Amino acid sequence: MNVRKQDKSWETSRLKRQIHLTRLGMLAERICHSFWPLWVVFALVFAGIFSGLLYELPDIWLRGILALAALIGLYFLVRGLRSLRVPTRMETLARLDATLTGDPLATLTDTQGMGGDDPASRAIWQAHQARMQDEAAKARAPKLNPRLAPRDPYALRYTALLAVMIAGLSGSLAQLSAVPTVLAGGDPGRNISGAQWEGWVEPPAYTGLPVLYLNDLTGQNVSAPQGSRISLRFYGEPGVLALQQSVTDIARADKGNLEDPLVNMTPEFLLEHSGTVAITGTDDAHWTMIALPDAAPQVELSGDPETEASGLMSQEFTARDDYGVVSGQVEYTLDETLLSRRYGLATEPDPRAPLILDLPMTIAGDRGDFTETLMENLSEHPWSGLPVKMVLTVTDARGQIGQSAPEYLPMPGRRFFDPLARAIIEMRRDILWARANAQRSAQMIRAFTHRPDGFFDDSSSYLMLRTVLRRLEAAPLTTETQEELAGALWDIALLIEDGSLSDALERMRRAQERLTQAMRDGASDQEIQQLMDELRDATRDYMRQLAQNPEDTTDEPNSGESQSLSQADIQEMMDRIQELMEQGRMAEAQELLNELSQMMENMRVTQGGGDGDMQSPGEQAMEDLGETLEEQQGLSDQAFRDLQEQFNPNAQSGQSNQNEGRDGASGRGQQHSEQGGESQGEGQTDGGTGQGQTRRDQTGGAGSDGEQSLAERQQALRDELDQQRANLPGAGSEEGDAAREALDRAGEAMDRAEDKLRNGDLAGALEDQADAMEQMREGMRQLGNALAQNQAPQNNDAQEQDTGQATRQDPLGRNINPGSGAVGTGEDMLQSDDLRQRARDLLDELHDRSSDPTRPEIERNYLERLLDRF
């Protein structure tokens with residue numbers, strides 16, 4: 001075939017750029033092939049000179065190595081130039097064409113050799129050329145591939161590269177300046193001596209500042225914290241380089257002969273003050289060192305100390321330092337100038353060291369400037385209540401100490417309001433003040449224990465105090481006995497001050513007395529606030545006890561003058577008392593506190609119905625049905641767990657973490673029946689149903705699941721439901737009859753569940769138990785509707801009977817029915833029909849959601865517990 005060259009019209013601008021890049025790449029590869037030995041020789045010589053390694057050789061050897069390297073380099077340069085050839089166009093097109101499919105570039109450079117006169121043949125050739133042009137448009141310059149591995153089997157190029165990298169880490173460009181001197185036959189030491197040193201300035205570690213490299217700071221002013229370590233390293237012949245400095249005392253330098261260049265090649269010293277540092281024998285190796293002073297730490301009190309009623313002291317303080325505080329202490333020293341040396345304090349005291357406590361340091365924050373709170377209870381210290389001098393001390397990492405201004409104050413501690421307890425604490429202080437006070441303290445104790453009537457509320461504190469008295473009079477005190485008796489007197493004082501607080505009324509009375517005494521003594525606002533909170537808690541406990549056991553109020557001395565007092569009234573009076581105390585009107589606050597105390601003595605909690613706290617038959621029935629529903633739920637949960645254990649015995653341990661007991665859901669089933677039985681049995685009246693005691697006999701007497709099977713427990717619940725149905729109120733009404741029918745269906749479902757439990761069909765029993773619970777809920781809904789209808793006429797009658805009584809209001813302005821204690825306006829917010837329908841719709845919606853298996857288990861459990869209450 002006759003092939004002739006064609007024009008280059010097919011070469012687009014992009015294709016030309018790819019051809020050019022390919023040609024440059026091929027040239028670079030050929031340069032690498034030709035001159036890589038020359039680069040290796042050059043790199044090795046450069047690494048030896050740059051690192052200074054070649055300068056360690058004798059001069060003759062150094063010149064010989066350089067001459068040999070020059071000859072070898074010249075040889076490889078000539079050989080490379082002779083072997084280097086520039087790539088031709090055809091070679092470039094062939095290299096690029098090899099990366100494409102079908103050799104499109106070779107096709108595009110050809111012309112049609114035969115058949116040029118045939119139109120069909122020309123058409124086929126043009127179509128082929130068009131396809132090749134499309135393929136050539138995809139051309140990309142190939143990546144460089146020097147392929148030196150076959151030419152360098154020993155990897156000498158990598159060895160040279162590693163040598164250059166190592167030299168770059170430890171060498172200097174100044175080493176290259178000695179090459180002309182070596183070639184001229186001179187001494188290279190004179191040219192390279194200025195670079196044969198290194199230096200660092202290391203600030204103290206606690207500053208957190210970086211190390212400074214002196215080689216990069218020559219001739220500059222260098223600022224560093226006082227106490228920084230300056231380290232220098234000299235290389236080469238000893239005596240060439242020498243140190244001159246004025247920043248530290250040579251006598252205190254770390255190493256002897258600091259400035260002797262023939263001895264010390266690694267001088268190290270501290271930056272004690274500003275000055276200069278210079279290295280002789282080289283150029284520009286001098287610095288002006290500026291020592292930044294490390295200021296001493298500072299500490300100060302932030303406000304006055306606050307002491308709680310328990311004696312816990314809180315003292316805020318602020319500490320600061322330029323680089324951070326390391327530690328701190330507070331020291332209490334007895335201030336004898338302000339001490340009143342009377343009574344037991346008139347005796348010469350035993351030696352006692354100052355009290356030193358560690359200050360709390362911030363953990364996560366910045367210790368350069370922080371505020372913390374010292375919290376300690378110093379009530380048991382011998383100086384508690386005596387005048388002391390308090391000084392705070394902080395230390396930084398350098399060992400510098402900062403102190404606060406002295407604070408003169410009584411040592412914080414617990415205040416005792418009971419006179420006897422206060423006297424015992426004084427005897428304890430005298431014994432700790434000096435062992436010589438033992439006889440005096442014994443006489444005082446013997447005096448107020450001679451006739452204990454009227455002093456001691458119980459015999460335990462009296463007997464304990466007499467034991468201390470015998471030990472005081474037995475023998476002279478030793479240090480060990482002194483500490484033991486002090487501890488015993490402290491316990492006795494606490495026992496007398498706090499008393500036996502098991503009775504709620506006694507706690508409330510004691511809290512009132514402590515608050516009264518604090519107001520008389522002018523206690524601090526924080527201490528009064530603590531005592532006020534204590535009174536609130538004690539009063540709340542007392543009212544809770546009255547609510548649970550209302551018959552206990554008849555034992556009070558003034559119960560005949562009882563008056564109604566609500567929780568809101570008590571809260572309002574306490575708020576008023578606190579407001580008066582905050583305003584400084586202590587007399588009015590004391591008068592109101594006395595009034596509150598008298599009212600609490602005669603108080604009757606206003607809750608429940610007008611005739612005591614007895615429940616109506618309807619309320620009792622609703623409560624009993626609710627408890628039965630809870631027990632049925634617990635029994636169903638137990639059956640479900642047993643069913644799980646049949647299929648997966650290993651799941652028992654895992655399930656125990658999710659269920660709080662085997663007596664029902666969250667421990668409700670059997671345990672609840674025991675508690676419910678006791679409460680119902682004791683609190684039942686003639687208006688009740690009497691089934692509380694029966695429940696205890698049937699279900700509580702079993703005691704545990706091990707004594708009753710699931711079927712027996714199901715039978716007991718069935719019998720209990722029958723009794724509740726028989727005593728169900730609302731007979732004759734539509735809602736009452738509907739409630740009885742729903743309970744009948746619940747009983748039938750229980751019977752079916754019992755039979756299946758006896759036959760071991762747990763899955764079927766679960767379905768019947770669910771049906772029983774659904775019918776019980778329906779019965780409770782119907783019973784609630786019946787009670788709601790019966791309640792309306794009763795309320796109207798009660799209002800007609802109480803028209804002559806004064807109407808009281810709660811703090812929100814709502815009327816309180818004096819006959820029933822109910823709080824509200826007495827007006828229906830919705831019409832009765834709408835209210836009942838709304839309640840029924842809400843209960844139906846809750847029931848539907850609790851039965852929806854697609855909802856999360858935690859939501860369904862919550863809805864079931866909510867429905868159990870209604």
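A few points on the structure.

About the thresholds
Residues numbered from 1 in each chain as written. Predicted model: local features only at pLDDT ≥ 70, side-chain atom pairs only at ≥ 80, totals over all residues. Heavy atoms only, no water. Helix = DSSP H or I, 4+ residues; strand = E, 2+ residues; numbered from the N terminus. Buried < 20%, exposed > 50% of the residue type's maximum accessible area, 1.4 Å probe, protein only. Contact = heavy atoms within 4.5 Å. Areas by Shrake-Rupley, 256 points an atom, 1.4 Å probe, with all protein chains shown as cover. Pairing = 2+ DSSP bridges. Patch = residues over 30% accessible without salt bridge, like charges linked within 9 Å, V, L, I, M, F, W, Y side chains within 5 Å. Salt bridge = Lys/Arg side-chain N within 4 Å of Asp/Glu carboxyl O. Phe/Tyr/Trp six-rings, centres within 6.5 Å; stacked < 30°, edge-to-face > 60°. Lys NZ or Arg CZ within 6 Å of the ring centre and 35° of its normal. Core = buried A, V, L, I, M, F, W, Y, C linked by side-chain atoms within 4.5 Å. Axes fitted to C-alpha atoms, helices over the stretch in contact; angles between N-to-C directions. Parallel < 35°, antiparallel > 145°, perpendicular 65-115°, else oblique. Left-handed = near helix turned anticlockwise from the far one by under 90°. Nonpolar A, V, L, I, M, F, W, Y, C, P; charged D, E, K, R; others polar. Polar contact = N/O pair within 3.5 Å; in protein donor to acceptor, adjacent residues only side chain to side chain.

**Describing the overall build of the protein**
Broken down by element type, the protein carries 25 helices and 21 strands. Taking all 870 residues of the protein together, 38% fall into the buried category. Considering only contacts in the protein between residues 6 or more positions apart, those separated by 24 or more positions represent 69%. Accessible surface for the protein amounts to roughly 47,400 Å². Of this, 51% is attributable to carbon and sulfur atoms.

**Description of the sheet that holds strand β2 (residues 212–213)**
Pairing between the strands of a sheet is mediated by backbone hydrogen bonds and can be parallel or antiparallel. Ordered by their spatial adjacency, 4 strands build an open sheet running β2-β1-β4-β6, and the pairing between neighbours is antiparallel. Single-partner strands in this sheet number two, and they are β2 and β6 (268–270). Pairing analysis gives 6 bridges linking strand β1 (residues 197–202) to strand β4 (residues 229–234), with the strands arranged antiparallel. Across the sheet, residue Trp200 finds its bridge partner in β4, namely Ser231.

**Observations concerning a nonpolar patch on the surface**
Taken together, the side chains of Leu74, Leu77, Val78 and Leu81 define a hydrophobic patch exposed on the protein surface, amounting to about 350 Å² of accessible area. Counting through the fold element by element, Val78 comes out in helix α2 (residues 59–83). The exposure class of Val78 is partly exposed, given its relative accessible area of 43%.

**As for the environment of Thr393**
Here Thr393 shows up in strand β15 (residues 387–396). When the C-alpha atoms of Thr393 and Val330 are compared, they prove to be 6.1 Å apart, with 63 residues separating the residues in sequence. Setting aside residues up to four positions removed in sequence, Thr393 forms contacts with Val299, Ser327, Gly328, Gln329, Leu359, Ile401, Gly402 and Gln403.

**Digging into the packing of aromatic side chains**
Applying the stated criterion across every chain yields a total of 8 aromatic pairs. Ring plane angle 20° and centroid distance 6.4 Å describe the contact between Phe42 and Phe46, whose orientation is recorded as stacked. Placement of both Phe42 and Phe46 in helix α1 (residues 13–50) is noted, with a separation of 4 residues, approximately one turn of the helix. The exposure class assigned to Phe42 is exposed, which follows from its relative accessible area of 61%. Seen from their ring centres, Phe416 and Trp490 are 5.5 Å apart, and the 85° between their planes marks the pair as edge-to-face. You can see Phe416 sitting in the loop between β17 (407–410) and α9 (419–433) and its partner Trp490 sitting in helix α12 (residues 479–498), a full 74 residues away along the chain. Taking the relative accessible area as the measure of exposure, Trp490 reaches 8% and is therefore buried. Put simply, the rings of Phe42, Phe46 and Phe50 touch in pairs and so form one group of aromatic residues. Lying across the ring of Phe416, Arg414 places its NZ or CZ 5.2 Å from the centre.

**Describing the pattern of salt bridges**
Opposite charge on two side chains permits them to pair, given that their charged atoms come into close proximity. Applying the stated criterion to the full structure yields 25 salt bridges. The closest approach of N and O atoms between Arg576 and Glu579, which form a salt bridge, is 3.5 Å. Here the residue Arg576 and the residue Glu579 both occupy positions in helix α15 (residues 567–582), the gap between them amounting to 3 residues, near one helical turn. By relative accessible area, Arg576 is classed as partly exposed at 33%. Using a relative accessible area of 35% as the deciding quantity, one classes Glu579 as partly exposed.

**Some words on the nonpolar core**
Counting residues in hydrophobic clusters, the biggest one holds 27 residues, and the most contacted among them are Val330, Tyr332 and Leu359. Only β11 (312–320), β12 (325–334), β13 (355–358), β14 (369–377) and β15 provide two or more residues apiece to this core. For Val330, the contacting residues outside a window of four places in its chain are Leu355, Ile356, Leu357, Leu359, Leu374, Met390, Val391 and Leu392.

**Some points on the environment of Arg725**
Counting through the fold element by element, Arg725 comes out in helix α21 (residues 710–726). The sequence separation of Arg725 and Asp744 amounts to 19 residues, and the corresponding C-alpha distance is 8.1 Å. With residues up to four places along the chain from it excluded, the contact list for Arg725 reads Arg740, Leu743 and Asp744.

**What about the sheet that holds strand β7 (residues 275–280)?**
The strand order across the open sheet formed by 4 strands is β3-β8-β7-β5, and the pairing between neighbours is mixed. Of all strands in the sheet, those with a lone pairing partner are β3 (221–225) and β5 (242–245), marking the two edges. Mean inter-strand twist for the sheet, computed between neighbouring axes without regard to direction, equals 25°. Where β7 and strand β8 (residues 286–292) come together, 4 bridges link them in antiparallel fashion.

**Considerations on the packing of helix α11 (residues 459–474) against α12**
Interhelical geometry of α11 versus α12 gives an angle of 160° and a closest axis separation of 10 Å. Viewed along their axes, α11 and α12 adopt a mutual orientation that is roughly antiparallel. As for the relative orientation of α11 and α12, their crossing is left-handed in sense. Contacts between α11 and α12 pair Ser460, Ser461, Met464, Leu465, Val468, Arg471 and Leu472 from the former with Thr481, Glu484, Leu485, Ala488, Leu489, Ile492, Leu495 and Ile496 from the latter. Of the residues that constitute the contact of α11 with α12, the class distribution is 10 nonpolar, 3 polar and 2 charged.

**Things to note about unusual backbone geometry**
Its identity is not glycine, yet Arg147 carries a phi of approximately 55°, on the positive side. With respect to the element layout, Arg147 can be found in the loop between α5 (119–136) and α6 (156–170). Accessibility expressed as a relative area gives 44% for Arg147, which makes it partly exposed. With a phi angle near 55°, Ala155 is a residue other than glycine that sits in the positive phi range.

**Some words on the environment of Thr371**
The topology assignment puts Thr371 in strand β14. According to the relative accessible area criterion, Thr371 is partly exposed, its value standing at 45%. Separated by 72 residues in sequence, Thr371 and Val299 place their C-alpha atoms 9.6 Å apart. Side-chain polar atoms of Thr371 contact the side chain of Thr318, separated by 3.1 Å.

**Focus on the pairing of β12**
Here β12 runs beside β15; their pairing, made up of 9 bridges, is antiparallel. Bridged to Glu331 within β15 is Val391. Where β12 lies against β13, 4 bridges are found, and the strand directions are antiparallel. Counterpart to Gln329 in the pairing with β13 is Asp358.

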